[in-house]
Structure formats: C-alpha cells, structure tokens
Amino acid sequence: MPFVMVGAPLAAAGLVLLTLATNLQFAGVSILLFFVGYYLFYPPYRAIYADLLPKRLLPRAQSSQGIMRGVGTGLALVSGGFLYSIWKPLPFVLAAGMLGVATLPLRPVHRLSRRLPEPPRVERDTGNPVAELLVHNRPLQWFSVANAIWEYSFAGLKFAIVLYITTGLDRSHALASTVMTVVAVAYVIGAPLAGRLAERFGIVRVMEVSALVYGVLLCVAFFPRSIAPMLVLLPIGSIAGSILMTLPQALAFTLAPETNQGAAAGIVDFSRGTGVVLGPVLVGAVISAFSSTLSSTHGYAAMWPMIGVPILLTIPLLRMLRRAEARARSAG
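Residues numbered from 1 in each chain as written. Predicted model: local features only at pLDDT ≥ 70, side-chain atom pairs only at ≥ 80, totals over all residues. Heavy atoms only, no water.

Q: Just to check I follow, could you spell out the side chain of glutamine 249 for this structure?
A: Position of glutamine 249 relative to the elements: it lies in helix 11 (residues 248–255). Overall, glutamine 249 belongs to the buried group, its relative accessible area being 2%. (Helix = DSSP H or I, 4+ residues; strand = E, 2+ residues; numbered from the N terminus. Buried < 20%, exposed > 50% of the residue type's maximum accessible area, 1.4 Å probe, protein only.)

This is how it looks when you write it as structure tokens:
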C-alpha cells in the first residue's frame, strides 16, 4: 500500500504538469514523472489479486479487471478528443482526479488483506526478488519474453490503428472513433470469456488458441485496402486479442512460487514496459520504411504483419509453459 499511496500522486502530478508544458523538455519530464508513479502504483495493485484470491480464481478475477480496463479504454478513446476540444488541459486534469478517486477504495481492500492469515515464511535463499526469479525460473523467463511480445504488439496496434484509418485509408476521424468503439466493445466481450474458458480448459491452452486466431487475423489485415473488410476482421480479432491480453497476469501468478507473487507482478510490468517501449518505435519504423513500397496506404499496411507475426511466434513459448502450468495448478 505505501507504493500505491506514493505512486498515485506522482502519476497525477505528471498528468497535471503536462498541461503546463511549453517545450518538449518540460513535457518529457512530466511524462517521466507520470510513468515513474504509474510503475510504482501498478505492480502492487496487481499483486493484491494474488494476496486475496486462490490461484483457481485468478483467471476470473483478471476477466473482471479486463472488463473494466476495456470500458475505461473505450470511454477514453471516445471522450478524449471531445474533452480536448472543450479545453486542452481538461482530459489530463480529469484523468489525474479520477486516478485519485480510484485509489481510495484500495484502502479497505488493504485492511482486508491484513486480516488474512500470514503465508508461511521462507528462508531468504528461496524468496527470490524479481531479478533472481528471472534468472533462475525458466517458465517465468519464457513468460517474460512472450508477455513482452504481446505488449509490443498491443502497443504498436494502439499507436497505429487510428493513423491507419485516417492516413492509410484516408478516412475521417469520426469513422476512426466509430471503429475504436467497436474494438472497445469487442474487448469488453472477450474479457469475461477469458476467465470462463481458462477455468475450464486451462490458461495456457486458451491463450494458445487466442494467439493463433489473433495473429492470423492481424496478418490477414495486410491485404484489404478498404474499411469494410476491417469492420469484419477487427471485432473478431479484438475478442481474441482481449482473451490473450486478459490472462498473462493470472498465468504469471500461477507459474510463480507461492511466496513470490509480488515479484511475479513486477515481472509482468517489467516485460510489459519493454513491449510498450518497443511497439511504437518498431512499428513506426516499419511504416516509414514501406511508405514508398506500399504507397496506397502510405506504408501503414506494413504494420499488420509487423504486429501479427510476433504474436504467432509466442505460440511455441506457450506450448513450453503447458507442463509448468499443470504442475502449478496441481500444487495449488
């Protein structure tokens, strides 16, 4: 809880200061402050799930979180431009206030966790921190690579999808907002499916199928040059992508030793941060490189295989995690 209570004000301060930025240097410092606070806040917040819930309920819990994340993402995408048009600082100030309000309900949750029985204490050499867990735990190493790829693809998609519609296909921002609304609704539909399917068939098996569907549809999106096929592909792909992106945290907690749930949350966000940084950089570079070759979409068609192929490459990594998940589930 101390990390949450320090991280939330830092992230809120970064958002507010960003509205006062008059140059790139000040904006860069504000954004850095936001992300320092964000990554102080988020891993402990994630770890609360593992503190309060048995492993068998983690997929369902992540589905609930996924639904709320999808609702929040949809509201932000739909309302952000409108709020910005009213008053440029408004979306940033409003987001800072909402972050503060959303932090307050965690205090009673924290009090509840303090009343739970203490887990059995272990010796220092078995209580590995994040770095040691990454070095010595082979399943979590595979997971970290796969999660970085999933987050890379998701970050690249968020970065380029609106530009693909407005610049690549030369359509209006209003149509782009409509498409993003469809994607957000599909994401919300996929999140609860993720938990139910994972409880019945296992987390890894569900993620394998979702990665296959998601990756194939992303690669197929390279070929259309109009919006109509995309309106068919995007909802199906969004549901598969939602299922895939909902379950990684539950998988990390399942794979981690019983006393290392906090470290597992750190691994999730460490690998996530790696993907978030690489996604816009690499996808943007590929779009620029193919701007002449794929002139009909100004290079934006190249984003689809650049996002989809890495998703397909995580399927072998997931297959290697099947046995580790089965051992963890039987032990839990």
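Q: Would you take a moment to explain the pattern of salt bridges for this structure?
A: Oppositely charged side chains may form a pair once their charged atoms are brought near each other. By the definition in use, this model includes three salt bridges. Among the salt bridges present, the one from arginine 319 reaches glutamate 208, with a minimum N-O distance of 3.6 Å. On the criterion of sequence distance, the pair formed by arginine 319 in helix 14 (residues 315–331) and glutamate 208 in helix 9 (residues 203–220) is long-range, its members being 111 residues apart. Where arginine 322 meets glutamate 208, a salt bridge forms, and the shortest distance between an N and an O atom there is 2.6 Å. (Salt bridge = Lys/Arg side-chain N within 4 Å of Asp/Glu carboxyl O.)

Q: Help me understand the environment of alanine 96 in this model?
A: Position of alanine 96 among the secondary structure elements: in helix 4 (residues 90–103). Residue classification places alanine 96 among the buried positions, given a relative accessible area of 9%. The spatial distance from the C-alpha of alanine 96 to the C-alpha of glycine 266 is 24 Å, given a sequence separation of 170 residues. Aside from chain neighbours lying at most four places away, what touches alanine 96 is Ala12, Leu15 and Val16. (Contact = heavy atoms within 4.5 Å.)

Q: Would you explain the nonpolar core in this entry?
A: Most often, soluble globular proteins have nonpolar side chains that are buried together. Core analysis: the biggest nonpolar cluster contains 73 residues, and Phe143, Trp150, Leu251, Met303 and Trp304 have the highest contact counts within it. Take this core: its biggest share by element is ten residues, from helix 7 (residues 138–168). With residues near it in sequence (within four places) discarded, tryptophan 304 still touches Leu157, Ile161, Tyr164, Leu218, Cys219, Ala221, Phe222, Met230 and Leu234. Of all hydrophobic cores here, the second largest spans five residues; its members include Ala11, Ala12, Ala96 and Leu99. (Core = buried A, V, L, I, M, F, W, Y, C linked by side-chain atoms within 4.5 Å.)

Q: Can you walk me through the environment of tyrosine 214 in this structure?
A: Checked against the element boundaries, tyrosine 214 lands in helix 9. Judged by its relative accessible area of 5%, tyrosine 214 is buried. Here the alpha-carbon distance between tyrosine 214 and arginine 171, two residues 43 residues apart in the chain, equals 24 Å. Once you skip the residues sitting within four places of it in the chain, tyrosine 214 turns out to touch Phe154, Leu157, Gly237, Ala240, Gly241, Leu244 and Ile311.

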